[in-house]
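Analysis of the macromolecular model
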Amino acid sequence: YLQLIQDLQCVNDVSMVILSHSYRQVLSMHRCLSSHHPTIYSLVIMMALFLFIQIIAYGAFVFLATESTDLTNDTSSYPPNVLSHIFPDNQSELVVDIYNGSLGTLTKLIKSKDVVMAMMYAPWCAHSLKVAKALLETAHDNKEVLFVGINCWEPKGDCRRIEGIAMFPRILIYHKHIKQKLEYFGERNHNILTSYSARLLRPLKYETSVTHIKQLLGTEELLVVGYFEFTVKELPLGYKEYYLASLLALQTDPSSGQ
């Protein structure tokens, strides 16, 4: 019982030391705990160090939080023309770069072409930089599709506010025959993107030979065959819906067969 009373008195001394930071009380605590209960002394020292580290860490966090630049509202700390766009200026004939993040500019470009492939990027994103290189190579091989890059990280642009992209980059397809936009989920390298962009222009493979169709049946895991009689005046009944279905199939399985 006397030992417990002494231990409690030591703990009380510790609490007083933490509150007052008195050097004399530190010495008193040291003599009290080291003489009566060395185990409690070790635990108290560890707790005091842990508390001290927490105070220092919290102070550092508050300092950094108050001194750091708000990235969502202020980009004045960015070096000029470094984080604005990721496509070279001399490649604008291949990829149109909307580095100010304007969706209005993108809408105008969509109306000017039958098929538009737009990559929504963040200029600091390593994946965006890698896909941008593949997109430039794809645009060099396919001049029928309009390739666009848009900076959706730019705070002043409405792309960031409206799209609210959580992961970069994002590739969207705008086709004149489909009201809704398609999103590309396939591999993002030059060869696959080139093949995919070509299929956006011609999602159907036209065959006039039964022999060729039989050959396709032996090479493709999934094959949908539609028979239509074309005339000069108008498209066959159901062909438009069949064409749209083939485009929509590219979104769910961009690497699928015909």
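Structure shown above.
Here we summarise the structure given alongside this text. (Residues numbered from 1 in each chain as written. Predicted model: local features only at pLDDT ≥ 70, side-chain atom pairs only at ≥ 80, totals over all residues. Heavy atoms only, no water.)

**Some thoughts on unusual backbone geometry**
Most of the time, phi is negative for any residue but glycine, and the peptide bond is trans. Stated formally: Each helix is a run of H or I in the DSSP string that is no shorter than four residues. Each strand is a run of E no shorter than two, and both are numbered from the N terminus.
Cis geometry marks the peptide bond from Phe 168 to Pro 169; its omega dihedral reads -10°. Within the fold, Pro 169 resides in the loop between α6 (158-163) and β4 (170-175).

**Brief notes about the sheet that holds strand β5 (residues 182-184)**
Definition in use: By this definition, two strands are paired if DSSP reports at least two bridges between them. Axis lines are fitted through C-alpha atoms, for helices just across the contact stretch, and the angle between N-to-C directions can take any value from 0 to 180 degrees.
Ordered by their spatial adjacency, five strands build an open sheet running β1-β3-β2-β4-β5, and the pairing between neighbours is mixed. Two strands lie at the open edges of the sheet, namely β1 (95-98) and β5, each paired on one side alone. Between one strand and the next, the sheet's axes are offset by a mean angle of 25°, whatever the strand orientation. Bridging between strand β2 (residues 115-121) and strand β3 (residues 146-151) involves six bridges; their strand directions are parallel. Its bridge partner being in β3, Met 120 is matched across the sheet by Ile 150.

**Observations concerning the nonpolar core**
How we decide: In plain words, nonpolar cores are sets of buried Ala, Val, Leu, Ile, Met, Phe, Trp, Tyr and Cys residues tied together by side-chain atoms within 4.5 Å. Burial classes follow relative accessibility: with a 1.4 Å probe on protein chains only, a residue under 20% of its type's maximum area counts as buried, one over 50% as exposed, and anything between as partly exposed. By the convention used here, residues are in contact when the closest approach between their heavy atoms is within 4.5 Å.
Counting residues in each nonpolar core, the largest one holds 30 residues, and the members touching the most others are Phe 87, Met 117, Met 119, Ile 171 and Ile 173. Going through the elements one at a time, β2, α5 (126-141), β4, β5, α7 (190-201) and α9 (239-252) are the ones with two or more residues in this core. With six residues, α5 is the single largest residue contributor to this core. Ignoring any residue separated from it by four or fewer positions in sequence, one finds Ile 173 in contact with Val 115, Val 116, Met 117, Lys 181, Leu 182, Tyr 196 and Leu 200.

**Let's talk about the environment of Leu 248**
As for its placement among the helices and strands, Leu 248 is situated in helix α9. Once the C-alpha coordinates of Leu 248 and Leu 200 are considered, the two residues, 48 residues apart in sequence, prove to be 10.0 Å apart. Excluding anything up to four places from it in sequence, Leu 248 contacts Ile 178, Gln 180 and Leu 182.

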